[in-house]
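Given next are the chains, with one letter for each unit.
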Amino acid sequence: MELIAEGLTKRYGDVPALTGVSLHAGPGVLAVLGPNGSGKTTLLRILATALRPDAGRASFAGRDYASDPRPLRRRIGYLPQEIDLPGHLTPRGFLHYVARLKGIQPEPQADMLLQDLGLGDLANRPLRTLSGGQARLVALAQALLGRPRLLILDEPLTGLDTTERARVLRIIAGPPGERVVVLSSHVPADIEAGAAAVLVLQQGTVRAQGTIDTVRALAAGQVHEVTIPTADLEDTLRICQVSQMTLHADHALLRVVGPLPPGLTGVPVTPTLEDAYLWVQAIPPHPQPLSHKGRGEEDRRRLATDA
Ligand SMILES: Nc1ncnc2c1ncn2[C@@H]1O[C@H](COP(=O)(O)OP(=O)(O)OP(=O)(O)O)[C@@H](O)[C@H]1O
């Protein structure tokens, strides 16, 4: 049960949204990280069969995306970036409706999902009375209905508080080996504890791909803890890439990613995913579309692609 994509390319008119994106995901969670406009939604829409690529190919469990998409769609649960929930329905009514559309018995699955996602007490309230985070969980529940083998989730953790995020990520991942999940996020720390693999997109190309440990290791030797007087903070932030900062009365403790400028000293520290995410975006882009196959030694040094 594998999701494989090779050379996915998509333009919107003159705008290149994706260029030669390849990925390989087995059971578990693959998190697609990238800044605004890097192509995450475009990639996820293609993987959900909601958008056709201009070039490239994809397959899930051996079934090609270029053939009839309907059998594939029956195996996919999809949470789009934006979803208009019918405000007059209750969460339970909405999930029962979606379950019928998916051709599955609504009960007890819908009610169990509502309980698991902490929505049990809200099951019978109109959706328009739910908070943004609560409504997002209902939208997530519709994707999970029917236990799809492939889950494509665009920013499923946005709007959730910290403890919720870890719990929801565990529900999304499901029992080991049961499903392939591709989700997008802006926030590396949110997925660090729950994702098996990560893919970093920047300007529509893959900048890094691999297990969390492999991607973290790309920034080995590039991260330092630096203490500076508060008076130097503004100048230091101008010339350094900082992943974390703690302010004290007279000094600041910074996590600096990348080479230290002359005059600045620091203690080397083990990179977090956030550090590596900043680092891989800072290294110069590769001139060719990236693929997980056939790269040279130079690429291997920069990128990891063992997902
Ligand atoms: N319908 C469209 N028409 C024209 N350009 C588009 C369209 N949709 C997306 N784009 C452009 O394609 C690029 C990739 O957009 P995409 O939405 O895939 O990025 P993203 O990483 O999901 O961004 P965000 O994190 O802000 O949601 C951006 O430059 C965006 O402006």
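Residues numbered from 1 in each chain as written. Predicted model: local features only at pLDDT ≥ 70, side-chain atom pairs only at ≥ 80, totals over all residues.

**Re the pairing of strand 10 (residues 205-211)**
Applicable threshold: Counting other C-beta atoms within 10 Å of a residue's own tells you its class, since 20 or more makes it buried, 12 or fewer makes it exposed, and anything in between is partly exposed; those C-beta atoms are placed from the backbone. Segments assigned H or I by DSSP are reported as helices when at least four residues long, segments assigned E as strands when at least two residues long, and all are numbered from the N terminus. Being paired, for any two strands, means DSSP has found at least two bridges between them.
Of all seven residues making up strand 10, six are buried, and the element is well covered by its neighbours. As defined by bridge partners, strand 9 (residues 197-202) adjoins strand 10 across six bridges and the pair is classed as antiparallel. Directly across from Gln202, in strand 10, lies its bridge partner Thr205. As consecutive antiparallel partners, strand 9 and strand 10 are separated by two residues, and within that stretch Gln203 has a phi angle of approximately 45°, a positive value.

**Points about the sheet that holds strand 10**
Using the following cut-off: Fitted lines through C-alpha atoms serve as axes, helices being fitted only where they are in contact, and the angles separating the N-to-C directions of these axes extend from 0 to 180 degrees. What counts as a contact here is a pair of residues whose C-beta atoms, placed from the backbone, lie within 7 Å.
The strand order across the open sheet formed by six strands is 6-7-8-3-9-10, and the pairing between neighbours is mixed. The sheet terminates laterally at strand 6 (76-79) and strand 10, the two strands that pair on one side only. For this sheet, the mean angle separating the axes of adjacent strands, direction not counted, is 15°. Across four bridges, the pairing between strand 7 (residues 150-153) and strand 8 (residues 180-185) is parallel. Paired with Ile152 across the two strands is Val182, which belongs to strand 8. The sheet strands contacting helix 1 (residues 40-47) are strand 3 (28-33), strand 7, strand 8 and strand 9, and the helix crosses strand 8 at an angle near 155°.

**Quick notes on the site of the ligand**
As a reminder, the rule being used: Think of it this way: take the backbone, place a C-beta atom on it, and check whether that atom is within 6 Å of the molecule or strand, in which case the residue is near it. Throughout, the ten residues Ala, Val, Leu, Ile, Met, Phe, Trp, Tyr, Cys and Pro are labelled nonpolar, Asp, Glu, Lys and Arg are labelled charged, and all others, Gly among them, are labelled polar.
Around the ligand, a shell composed of Tyr12, Val15, Ala17, Gly34, Asn36, Gly37, Ser38, Gly39, Lys40, Thr41, Thr42 and Gln81 is seen. Contributing elements (two or more residues each) for the shell around the ligand: strand 2 (15-25) and helix 1. With three residues, helix 1 is the single largest residue contributor to the shell around the ligand. For the shell around the ligand, the class distribution of residues is three nonpolar, eight polar and one charged.

**Description of the environment of Pro69**
Among the secondary structure elements, Pro69 is positioned in helix 2 (residues 69-73). Spatially, the C-alpha atom of Pro69 lies 9.6 Å from that of Ala50, the residues being 19 residues apart in sequence.

**Quick notes on the domain arrangement of the chain**
Note: interface size is frequently given as the accessible area lost on complex formation between the parts. What counts, and what does not: Reported domain spans reflect what an automatic or database domain assignment gives.
When cut into domains, the chain gives domain 1 (3-216) and domain 2 (221-270). Its C-alpha centre places domain 1 at a distance of 36 Å from the equivalent point of domain 2.

**A short note on helix 1**
Burial analysis of helix 1 places eight of its eight residues in the buried class, the great majority of the element. Burial in helix 1 covers these residues: Lys40, Thr41, Thr42, Leu43, Leu44, Arg45, Ile46 and Leu47. Phi turns positive, to about 65°, at Thr49, one or two residues after helix 1.

**Focus: the packing of helix 3 (residues 91-101) against helix 5 (residues 132-144)**
Heads up, the rule is: Roughly parallel means an angle under 35 degrees; roughly antiparallel means over 145; roughly perpendicular covers 65 to 115; every other angle is labelled oblique. The sense of a crossing depends on the near helix, which, turned anticlockwise from the far helix by less than a right angle, makes the crossing left-handed and, turned clockwise, makes it right-handed.
At a minimum axis separation of 10 Å, helix 3 and helix 5 run at an interaxial angle of 25°. Between helix 3 and helix 5, the crossing angle belongs to the class labelled roughly parallel. Along this stretch, helix 3 crosses helix 5, giving a crossing that reads as right-handed. Touching Pro91, Phe94, Leu95 and Val98 of helix 3 are Val138, Ala141 and Gln142, all from helix 5. In the contact of helix 3 with helix 5, the residues fall into six nonpolar, one polar and no charged.

**A word on the environment of Asp121**
Along the chain, Asp121 falls in the loop between helix 4 (109-116) and helix 5. On the neighbour-count criterion, Asp121 (9 C-beta atoms within 10 Å) is exposed. For Asp121 and Asp54, which are 67 residues apart along the polypeptide, the C-alpha to C-alpha distance reads 45 Å.

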